[in-house]
Structure formats: C-alpha cells, structure tokens
Amino acid sequence: MLENLENKLFPNTWIDCYADYLYNYAIVRVNNPDVAKDLVQETFFSGLKSAKNFLGKSTERTWLVSILKRKVMDHYRKINSIKGKAEVRMNFYSEGENEGNWIEERAPQSWESSVDKEIETSELKTQIESCIDHLPEKYAIVFRMKTLQEFGTQEICKELNISESNLWEIIHRARTQLRKCLEDNWFNV
Amino acid sequence: MKFMITCDKASTICDKSQYKEASFLERIRLAYHVSICESCNLYVKQNRKMSHFFKLKSTDCKKETHSLTNAAKELLKKELGNLKS
C-alpha cells in the first residue's frame, strides 16, 4: 500500500495531460501566447532534466507548476531589469518646490463625452485592451494580474518577487498611463 | 509624518483604494487632500469610472480559456522526445 502514496512521473503523457493547464497558467500571467508557449516548453525540458530529483511528495502536476512558477518569476525579473526607453512619463514634478504636484498640462482634464459612450461596451473593451498593450510589459503584467485576473496583492508579490510598495508604484504608473490613453482615445474624442 | 500629502502620493493612495486596500489613515489623508485639490478631486472621480470599466473587462478575461494548438503540441512532443534520446 505504501508505494501507492508515492507519486511518479510519466513524461510521455505530460503534454497531453498538462500542456493546456500549464499554458493557461502562464498566459494569464504573461499575456503573450508566444512567451507562454516558450515557458511551458522550458518547464517540460527542465522537468525532464530534473526528473531524478522528483521525490514523489507532490503530484506530477503540482511539481510541474512549481517549475513553471520559477520560469514566470525569471521572465519577470528579466523584463523588470530593462530600464530606459519603456519608462512611463510621469505626471508629477520630481524635484523643486513643486515636487509631487501635477505638471499642469498632465493634470486630469474633464472628460466630455463619457455618458453616451458608456453604451458601446465592446468598443470600450477593445480600447482598454489596446491601451494595456501599450504599457511597458513590466507594468502590464502586474496590472493584468491585479486588475483583470484579480489576484491578491501578496500572491502577486510572491510570484513576481517584488515588494508591496513596488507593486503599488507599478499599479499607480500603469493606471496613470491608462488614464491618459483612455482620455486621448476614448473620452475626449 | 506630515498630514498634508502631495498629489503624487494622493493619486497613489487613490489607486490603492480602487482595490479596497488603502489603510484608514491613508483614506483620511486622501479625503483631506481631495477636499482642497481640484485636480485630485477629478482624478478620484475618473479613477472610479475607470475601475468600473476595468471590472467589465475583468469579467471577460476571467471567462476566457486558452489552449495550445494540436500542431504546437505535436511539435512540443517531438522536441521533448529529442531531449530524451
């Protein structure tokens, strides 16, 4: 009976059994079909290479997910370290006596046609999608996980290996840029 | 800790409160700031509206399921097979 408690690996069935599960897991986090596919492939490769380290204490699927989690974290660390061109333009003075105040031309403007436009929901959703796609990837990933997938703050911080204050700073930047994008392309058109 | 906060800080707290995760003290500071700052007052109102729209989008996203194409799976099997041999 004892040996039934021990889980085993069957790499020949991995793709049929877990490819879609892992792919879904990856895509709600990285939101890019190609990246998600690569991460799943790397997960299977790593799984095969380290199969001898599998202790049988978790299920095959849980074990594969734990490998994929590390791949997602690595992916995020990589894009998060890219600085420069993708940086969001900030809306506040960063120094001087006005530090932290709105830069006049980037302060919120009133939205004109929002009332009648709310009806066109599907168009609005497409516009939101396009605005999110224009965010730097390191912001888009956190924003999607937090706002669209509605993951908990601590869960996201753990999965992406970022601090809570870092997460809120990212959410703030993402929402600031999305606000500008929707203002330009939706509300004031 | 000074009670008056900058617009930058106020809008960060406002963003946080869209997820109901701003602390009591943060909410009080935001409310005070908004009562004397026109731009941030507008920001708060517009942010609520955005949250409403994002919620609509979120409902869609959570319903979606994704799968790899059969061709992609076959290719994956082949590559995994190569690695084994």
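For clarity, every value in this text was computed on a predicted model and none was experimentally measured.

Conventions and cut-offs
Residues numbered from 1 in each chain as written. Chains lettered and ligands numbered in written order. Predicted model: local features only at pLDDT ≥ 70, side-chain atom pairs only at ≥ 80, totals over all residues. Helix = DSSP H or I, 4+ residues; strand = E, 2+ residues; numbered from the N terminus. Rg over C-alpha atoms; globule rule 2.2 N^0.38 Å. Contact = placed C-beta atoms within 7 Å. Core = buried A, V, L, I, M, F, W, Y, C linked by C-beta atoms within 7 Å. Buried ≥ 20, exposed ≤ 12 C-beta atoms within 10 Å, placed from the backbone. Domains from an automatic or database assignment. Nonpolar A, V, L, I, M, F, W, Y, C, P; charged D, E, K, R; others polar. Axes fitted to C-alpha atoms, helices over the stretch in contact; angles between N-to-C directions. Parallel < 35°, antiparallel > 145°, perpendicular 65-115°, else oblique. Left-handed = near helix turned anticlockwise from the far one by under 90°.

A. A look at the overall build of chain B. Tallying secondary structure elements over chain B gives four helices and zero strands in all. Helices and strands in chain B line up, N terminus first, as α-α-α-α. Taking 2.2 N^0.38 as the reference for a compact globule, 85 residues should give roughly 12 Å; the C-alpha atoms of chain B span a radius of gyration of 23 Å, well beyond that estimate. If you line up chain B on its principal axes, its C-alpha atoms span 70 × 30 × 20 Å. Counted over contacts in chain B with a minimum sequence separation of 6, partners at least 24 positions apart contribute 53%.

B. Inspection of the overall build of chain A at higher detail. Each helix and strand in chain A was counted, giving eight helices and zero strands. The contacts of chain A with a sequence gap of at least 6 include a subset with a gap of at least 24, amounting to 66%.

C. Molecular detail of the interface of chain B and chain A. Counting from both sides, the interface comprises 36 residues of chain B and, opposite them, 38 residues of chain A. Among the elements of the structure, helix 1 (7–17), helix 3 (38–63) and helix 4 (70–84) of chain B are those that each provide at least two residues to the side of chain B that touches chain A.

D. Region of interest: the nonpolar core. Core analysis: the biggest nonpolar cluster contains 41 residues, and Leu22, Tyr23, Ala26, Val40, Val142, Phe143 and Ala174 of chain A have the highest contact counts within it. Residue contributions to this core peak at ten residues, all from helix 1 (residues 14–30) of chain A. Built from parts of two domains, this core gets at least three residues from each of domain 1 (7–80) and domain 2 (119–187) of chain A. For tyrosine 23 of chain A, the contacting residues outside a window of four places in its chain are Ala36, Lys37 and Val40 of chain A together with His66, Ser67 and Leu68 of chain B. Ile5, Ile13, Cys14 and Val44 of chain B belong to the second largest nonpolar core, which has ten residues in total.

E. Structural context of the environment of serine 58 of chain A. With respect to the helices and strands, serine 58 of chain A occurs in the loop between helix 2 (33–49) and helix 3 (60–80). Through-space distance from the C-alpha of serine 58 of chain A to that of alanine 19 of chain A is 18 Å; in sequence the pair is 39 residues apart.

F. Highlighting the domain arrangement of chain A. All names here are of chain A. For chain A, the assigned domains read domain 1 (7–80) and domain 2 (119–187). For domain 1 versus domain 2, the distance between C-alpha centres works out to 25 Å. Contact with domain 1, which involves eleven residues of that partner, is made by ten residues of domain 2. Broken down by secondary-structure element, the contributors of at least two residues to the side of domain 1 that touches domain 2 are helix 1 and helix 3. Top element by residues in the side of domain 1 that touches domain 2 is helix 3. It accounts for seven residues. Residue composition of the side of domain 1 that touches domain 2, by class: six nonpolar, two polar and three charged.

G. Helix 1 of chain B, seen in detail. Counting buried positions along helix 1 of chain B gives eight out of eleven residues, so the element sits mostly inside the fold. What helix 1 of chain B keeps buried is the set Cys7, Ala10, Ser11, Thr12, Ile13, Cys14, Asp15 and Lys16 of chain B. Against the buried residues of helix 1 of chain B lie helix 8 (164–187) of chain A together with helix 2 (24–36) and helix 3 of chain B.

H. Looking closely at the packing of helix 5 (residues 121–133) of chain A against helix 8 of chain A. Residue and element names in this part refer to chain A. The geometry of helix 5 relative to helix 8 is characterised by a closest axis approach of 10 Å and an angle of 135 degrees between their N-to-C directions. The angle between helix 5 and helix 8 falls in the class oblique. Both helix 5 and helix 8 take part in a crossing whose hand is right-handed. Residues Leu124, Gln127, Cys131 and Ile132 of helix 5 pack against Leu178, Cys181, Leu182, Asn185 and Trp186 of helix 8. Its residues assigned to classes, the contact of helix 5 with helix 8 comprises seven nonpolar, two polar and no charged.

I. A look at the packing of helix 2 of chain A against helix 3 of chain A. All names here are of chain A. Across the interface, helix 2 lies against helix 3 with an axial gap of 9 Å and an inter-helix angle of 130 degrees. Looking at the two axes, helix 2 sits oblique to helix 3. Crossing of helix 2 over helix 3 shows right-handed handedness. Across from Val35, Leu39, Glu42, Thr43, Ser46 and Gly47 in helix 2, the residues of helix 3 making contact are Leu64, Ile67, Leu68, Lys71, Val72 and His75. For the contact of helix 2 with helix 3, a count of residues per class yields six nonpolar, four polar and two charged.

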